[in-house]
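Letter by letter, the chains look like this.
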Amino acid sequence: MAFDHRHLIDIREYSEEDIALILDTAKAFSAVNDRKIKKVPTLRGLTIVNMFNEPSTRTRSSFELAEKRLSADTLNFGGSSTSSVKGESLIDTVETLNAYKIDAIVVRDKHAGAPHIISQHTPAVVIDAGDGKHQHPTQALLDLYSIREHKGCIRDLKVGIVGDVGHSRVVGSLAPALKTMGAHVTLVGPATLAPANLGVDRVTPYLDEVLPELDVVYMLRVQRERLEGAPFPSTREYHALYGLTKDRERLMKPDAIVCHPGPINRGVEFDSYMADHPRRSVILDQVYAGICVRMAVLYLLLGGSDNGLDS
Ligand code: CP
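*Asks:* Could you clarify how one ought to interpret the sheet that holds strand S8 (residues 216–219) in this entry?
*Replies:* Pairing between the strands of a sheet comes from backbone hydrogen bonds, and it takes one of two forms, parallel or antiparallel. Strand order in the open sheet formed by 5 strands is S7-S6-S5-S8-S9, with parallel pairing between adjacent strands. Of all strands in the sheet, those with a lone pairing partner are strand S7 (202–204) and strand S9 (257–259), marking the two edges. Shown here is a sheet whose adjacent strand axes are inclined to one another by a mean of 20 degrees, direction ignored. Relative to S8, strand S5 (residues 158–162) runs parallel, the two sharing 4 bridges. Across the sheet, Val-159 pairs through a bridge with Val-216, a residue of S8.

What follows is the structure, encoded as structure tokens:
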């Protein structure tokens, strides 16, 4: 199947077939991560810049590992260590990187739309690694990969995305991607954190009413850095209404799984019993999926004709 995309900035531009191809390719690359020598020559000679202008643990480290396992040359860059603190603009920064003849830029930025602006000023492939409250497309893809691994397929699953839906770029990509793949999506959260319409099936403030029907309970981090005003009275009250706890587990389907994009606020959206639940929590599987999915995205966008898996 042809993969006809230049960038990964908006997951809504990707069809069901595109997403299925990424997930299947990620599954194939998963084998590399089980080898003694975790490296294939797929992107040898290509240069990828990881420009992270906001903090990250999972996304940054898994992109860098994915690039290294595909034999690309990587340049890690961004934040307060760059000349942006001296007033250099985003576009001048990108023009500077262009002078190095780079092949791809992976960008995280607090400003929604930064990856789109960059794509207009570089011949390189641009991959959005999270922009403001807007999108986080590779997070959505790794979530879909993890859900498919655990539930067998995505079509017709009932997925609840719970918590701070209004400030979450994860929701901005995950909700439409789940719909593209045929899942039923319910957003659950306080009305004060409710999102714009994301084309989901239902929005409700009542977690306990929907928990019994969900196949996947996707908990969100409260985005303390993006909260304005006081959208809920206290952390204790938020936890009482929206925290996934040992008590609430009784309401869940026996085979329902629990996801979270990380980082977790223990005692806010989770208690540790549920965050670390050996049968239900797939959070560390999501972290692992991040490497496989990012290898697949880099390979497909950078036009690799040979995935290198036979070498
Ligand atoms: N899920 C996620 O984007 O985590 P990081 O901020 O640690 O990259």
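*Asks:* Teacher, can you tell me more about the site of the ligand here?
*Replies:* Taken together, Ser-56, Thr-57, Arg-58, Thr-59, Arg-108, His-136, Gln-139, Pro-261 and Gly-262 make up the full set of residues adjacent to the ligand. Thr-59 places a side-chain nitrogen or oxygen 2.6 Å from an oxygen atom of the ligand. Contact with the protein chains removes 91% of the 260 Å² of surface that the ligand exposes when unbound. By residue class, the composition of the shell around the ligand is 1 nonpolar, 6 polar and 2 charged.

*Asks:* Where do I start with the sheet that holds strand S4 (residues 125–131) in this structure?
*Replies:* Read from one edge of the open sheet, 4 strands run S2-S1-S3-S4, paired in parallel fashion. Where the open sheet ends on each side, the last strands, each with one partner, are strand S2 (73–77) and S4. Strand-to-strand twist of the sheet, defined as the mean angle between neighbouring strand axes without regard to direction, takes the value 15 degrees. Looking at chain direction, strand S3 (residues 104–109) and S4 are connected through 5 bridges and run parallel. Residue Ile-105 lies in a different strand from S4, and its bridge partner there is Val-126. The strands touched by helix H2 (residues 58–69) are strand S1 (47–52), S2, S3 and S4; relative to S1, the strand with the most contacts, the crossing angle is about 175 degrees.

*Asks:* For this particular structure, what's the right way to read unusual backbone geometry?
*Replies:* Excluding glycine, residues mostly have negative phi values, and the peptide bonds linking residues are mostly trans. A cis amide bond links Gly-262 to the next residue, Pro-263, at an omega of -5 degrees. With respect to the helices, strands and loops of the structure, Pro-263 is situated in the loop between S9 and helix H10 (272–275). Within the chain, Ser-71 stands out as a residue other than glycine whose phi angle is a positive 70 degrees. The phi torsion at Asp-156 lies on the positive side, around 70 degrees, for a residue other than glycine. Here Asp-156 lies in the loop between helix H5 (137–151) and S5.

*Asks:* Explain the side chain of Thr-204 to me, please; I cannot follow it from the model alone.
*Replies:* For Thr-204, the position within the fold is in strand S7. Among the residues examined, Thr-204 registers a relative accessible area of 9% and is labelled buried. Here the side chain of Thr-204 touches Tyr-206 through a polar contact of 3.0 Å, landing on its backbone nitrogen. With near-sequence residues (within four places) excluded, Thr-204 lies in contact with Thr-186, Leu-187, Val-188, Gly-189 and Val-210.

*Asks:* Explain the pattern of salt bridges here, please?
*Replies:* Pairing of side chains with opposite charge becomes possible as their charged atoms draw close. Evaluated as defined, the whole model comprises 13 salt bridges. In this structure, the salt-bridge partner of Arg-12 is Asp-10, at a minimum N-O distance of 3.0 Å. Under the relative-accessibility criterion, Asp-10 is labelled buried at 15%. Here Asp-276 and Arg-266 are joined by a salt bridge, their closest N and O atoms 2.9 Å apart. Remark: Arg-266 occurs in the loop between S9 and H10 and Asp-276 occurs in the loop between H10 and helix H11 (283–301); sequence separation between them is 10 residues. On the basis of relative accessible area, Asp-276 is assigned to the partly exposed category, the value being 46%.

Rules used in this analysis
- Residues numbered from 1 in each chain as written.
- Predicted model: local features only at pLDDT ≥ 70, side-chain atom pairs only at ≥ 80, totals over all residues.
- Heavy atoms only, no water.
- Pairing = 2+ DSSP bridges.
- Helix = DSSP H or I, 4+ residues; strand = E, 2+ residues; numbered from the N terminus.
- Axes fitted to C-alpha atoms, helices over the stretch in contact; angles between N-to-C directions.
- Near = heavy atom within 4 Å.
- Polar contact = N/O pair within 3.5 Å; in protein donor to acceptor, adjacent residues only side chain to side chain.
- Areas by Shrake-Rupley, 256 points an atom, 1.4 Å probe, with all protein chains shown as cover.
- Nonpolar A, V, L, I, M, F, W, Y, C, P; charged D, E, K, R; others polar.
- Contact = heavy atoms within 4.5 Å.
- Buried < 20%, exposed > 50% of the residue type's maximum accessible area, 1.4 Å probe, protein only.
- Salt bridge = Lys/Arg side-chain N within 4 Å of Asp/Glu carboxyl O.

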